[in-house]
Amino acid sequence: MKPGKSVETQTATLAEIAREAGVSAPTVSKVLNGRADVAASTRTRVEELLRAHGYRRRRAEASRSPLIDLVFHELESAWAMEVIRGVENVAQSAGLSVVLSESAGRLTPGRSWADQVAARRPHGVVLVLSELDGAQQALLTSRSIPFVVVDPAGDPGPDVPSIGATNWQGGLAATRHLVELGHTRIGAISGPSRMMCSRARIDGYRAALETAGLPVDPSLIVAGDFHHDAGYRLGLELLRRPDRPTAVFAGNDLQAVGLYEAARELGLRIPEDLSVVGFDDLPVARWVGPPLTTVRQPLTEMAEAAARLVLELGSAHEERAATRLELATSLVVRSSTAEVRGSGA
């Protein structure tokens with residue numbers, strides 16, 4: 001059912017759904033409100049019919065809790081804290097609280113999560129490095145619960161509002177900086193290939209090398225997971241090569257810190273023997289020795305933009321086209337990069 005139809009038409013549709021499902025209208029109402037006292041098979045049948053009819057609660061009917069749901073695929077780093085701070089800033093200004101949850105490394109939250117959100121009826125949902133399947137999107141849409149994705153893991157699709165950063169441009173800027181310092185053998189430790197932001201950063205790295213007329217050596221590109229341990233382990237792998245790189249684009253700051261550890265273990269000095277560039281500009285980038293050259297990703301601003309957008313979507317009287325917004329990244333040059341020394345190896 002398309003938004004804007006009369007209350008009577010929606011009521012008739014609910015009665016029709018109840019008849020088709022072989023249940024009472026109060027049972028359909030319980031499913032709509034996320035009540036737990038409905039059998040799983042009945043809930044599934046009713047949800048399928050709600051989706052088939054395109055039912056959507058009018059926003060005026062949907063009493064909301066004073067909450068914003070914030071969902072991470074994992075909560076293990078200072079990266080997440082920057083995002084939490086941004087959502088909290090907007091939530092506090094709006095008199096709302098933030099419900100924080102994690103999907104244990106899965107990019108798509110489990111079905112029980114969607115049911116819990118429907119029961120809470122928050123003002124909106126902000127998902128970080130995550131995505132929703134079709135059924136979850138339909139469930140939130142039918143409850144008039146808007147959602148926005150920050151840094152989508154994959155292509156969010158044209159109907160999913162999202163906030164990201166210029167990852168390709170950031171990878172280009174990081175690598176171009178190293179090229180301008182005279183480095184020609186530049187390694188890269190990427191993030192997970194399933195994440196769109198990781199692929200974009202490495203595409204920018206490749207573009208910078210190709211633009212400079214330098215070959216892209218696939219053996220110098222290793223796949224990490226955006227964690228410290230991967231930076232250390234893969235850093236050892238790159239730096240133990242007889243033709244080791246003289247510089248490495250670490251893909252994110254945590255992997256850069258792991259790379260620092262690998263370099264120290266092998267007796268290499270930064271930046272005298274190895275130049276390192278990270279990505280994110282977390283507080284740790286300023287604390288490590290030497291301070292890390294990195295690409296600043298405006299994480300707090302991205303989170304604030306996502307929270308503002310989800311509240312705007314929730315208060316809109318008419319349907320709005322999905323928004324895709326990318327905030328600019330910028331290179332922050334510190335002390336971990338220097339001109340290449342001779343042949344370098």
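Residues numbered from 1 in each chain as written. Predicted model: local features only at pLDDT ≥ 70, side-chain atom pairs only at ≥ 80, totals over all residues. Heavy atoms only, no water.

## With respect to the pattern of salt bridges
Thinking step 1. Here the structure, examined in full by the defined rule, presents 11 salt bridges.
Thinking step 2. Asp69 is paired through a salt bridge with Arg120; the nearest N and O atoms lie 2.5 Å apart. Here Arg120 lies in helix H5 (residues 111–120) and Asp69 lies in strand S1 (residues 67–72), a separation of 51 residues in the sequence.
Thinking step 3. Overall, Asp69 belongs to the buried group, its relative accessible area being 0%.
Thinking step 4. One salt bridge in this structure joins Arg185 and Asp217, with 3.8 Å as the shortest N-O distance. Residue Arg185 is found in the loop between helix H7 (167–180) and strand S6 (186–190), and its partner Asp217 is found in the loop between helix H8 (196–211) and strand S7 (221–223); the two are separated by 32 residues along the sequence.
Thinking step 5. In this structure, a network of salt bridges that share partners links the residues Arg185, Asp217, Arg241 and Asp243. (Salt bridge = Lys/Arg side-chain N within 4 Å of Asp/Glu carboxyl O. Helix = DSSP H or I, 4+ residues; strand = E, 2+ residues; numbered from the N terminus. Buried < 20%, exposed > 50% of the residue type's maximum accessible area, 1.4 Å probe, protein only.)

## A short note on the sheet that holds strand S8 (residues 247–249)
Thinking step 1. In spatial order, the strands read S7-S6-S8-S9-S10-S12; together these six strands make up an open sheet with mixed pairing. Either end of the sheet is taken by a strand with one partner, and the two such strands are S7 and strand S12 (330–332). Between one strand and the next, the sheet's axes are offset by a mean angle of 20°, whatever the strand orientation.
Thinking step 2. Pairing analysis gives three bridges linking S6 to S8, with the strands arranged parallel. Within S8, the residue paired with Ile186 across the bridge is Ala247. (Pairing = 2+ DSSP bridges. Axes fitted to C-alpha atoms, helices over the stretch in contact; angles between N-to-C directions.)

## Concerning helix H10 (residues 253–265)
Thinking step 1. Taking 1.5 Å of rise per residue, 13 residues should cover 18 Å, and H10 covers 19 Å from first to last C-alpha, within 8% of that figure.
Thinking step 2. Every buried residue belonging to H10 is among Asp253, Leu254, Gln255, Ala256, Val257, Gly258, Leu259, Tyr260, Ala262 and Ala263, and all of these are buried.
Thinking step 3. Elements that come into contact with the buried residues of H10 comprise S6, helix H9 (228–239), S8, strand S9 (275–280), helix H11 (284–287) and strand S10 (293–296).
Thinking step 4. Looking one or two places after H10, you find Gly267, whose phi comes out positive at around 75°. (Expected span 1.5 Å × (residues − 1). Contact = heavy atoms within 4.5 Å.)

## Quick word on helix H4 (residues 78–93)
Thinking step 1. Over its 16 residues, H4 extends 23 Å from the first C-alpha to the last, a length consistent with the 22 Å expected when each residue adds 1.5 Å.
Thinking step 2. Those residues of H4 that fall on the buried side of the exposure criterion are Trp79, Ala80, Glu82, Val83, Ile84, Gly86, Val87, Val90 and Ala91.
Thinking step 3. Those residues of H4 that are buried are in contact with S1, strand S2 (97–102), strand S3 (124–128), S9 and helix H12 (299–315).
Thinking step 4. Phi turns positive one or two residues past the end of H4, at Gly95, with a value near 75°.

## Describing the packing of H7 against H8
Thinking step 1. Two elements in contact, H7 and H8, have axes separated by 7 Å at closest approach and are oriented at 40°. Seen from above, H7 lies across H8 with right-handed handedness. On H8, the residues that touch Asn167, Trp168, Gly171, Leu172, Thr175, Arg176 and Val179 of H7 are Cys197, Ala200, Arg201, Asp203, Gly204, Tyr205, Ala207, Ala208 and Leu209.
Thinking step 2. When its residues are assigned to classes, the contact of H7 with H8 shows nine nonpolar, four polar and three charged. (Left-handed = near helix turned anticlockwise from the far one by under 90°. Nonpolar A, V, L, I, M, F, W, Y, C, P; charged D, E, K, R; others polar.)

## Considerations on unusual backbone geometry
Thinking step 1. Here the residue pair Ile270 and Pro271 is connected by a cis peptide bond, since its omega of 10° sits within 30 degrees of zero.
Thinking step 2. Within the secondary structure, Pro271 sits in the loop between H10 and S9.
Thinking step 3. For the bond from Gly289 to Pro290, the omega torsion is -5°, close enough to zero to count as cis.
Thinking step 4. Inspection of the secondary structure puts Pro290 in the loop between H11 and S10.
Thinking step 5. Phi angles above zero are rare outside glycine, and Asp151 is one such case at about 50°.
Thinking step 6. One non-glycine residue with positive phi stands out, namely Asp281, at about 65°.
Thinking step 7. Given the relative accessible area of 15%, Asp281 is considered buried.

## A look at the sheet that holds S1
Thinking step 1. If you walk across this open sheet you meet the six strands as S2-S1-S3-S4-S5-S11, and the pairing is parallel. Two strands in the sheet have a free side with no partner beyond their single neighbour: S2 and strand S11 (324–327). For this sheet, the mean inter-axis angle between neighbouring strands, taken without regard to orientation, is 20°.
Thinking step 2. Pairing analysis gives six bridges linking S1 to S2, with the strands arranged parallel. Paired with Val71 across the strands is Ser101, a residue of S2.

## Regarding the packing of H4 against H12
Thinking step 1. The interhelical angle for the contact between H4 and H12, taken along N-to-C directions, is 40°, at an axis separation of 7 Å. In this view, H4 runs oblique relative to H12, as classed from their interaxial angle. Regarding H4 and H12, the two cross each other, and that crossing is right-handed. Contacts between H4 and H12 involve Trp79, Glu82, Val83, Arg85, Gly86, Val87, Asn89 and Val90 on the former and, on the latter, Leu299, Thr300, Ala303, Glu304, Ala307, Arg308 and Leu311. (Parallel < 35°, antiparallel > 145°, perpendicular 65-115°, else oblique.)

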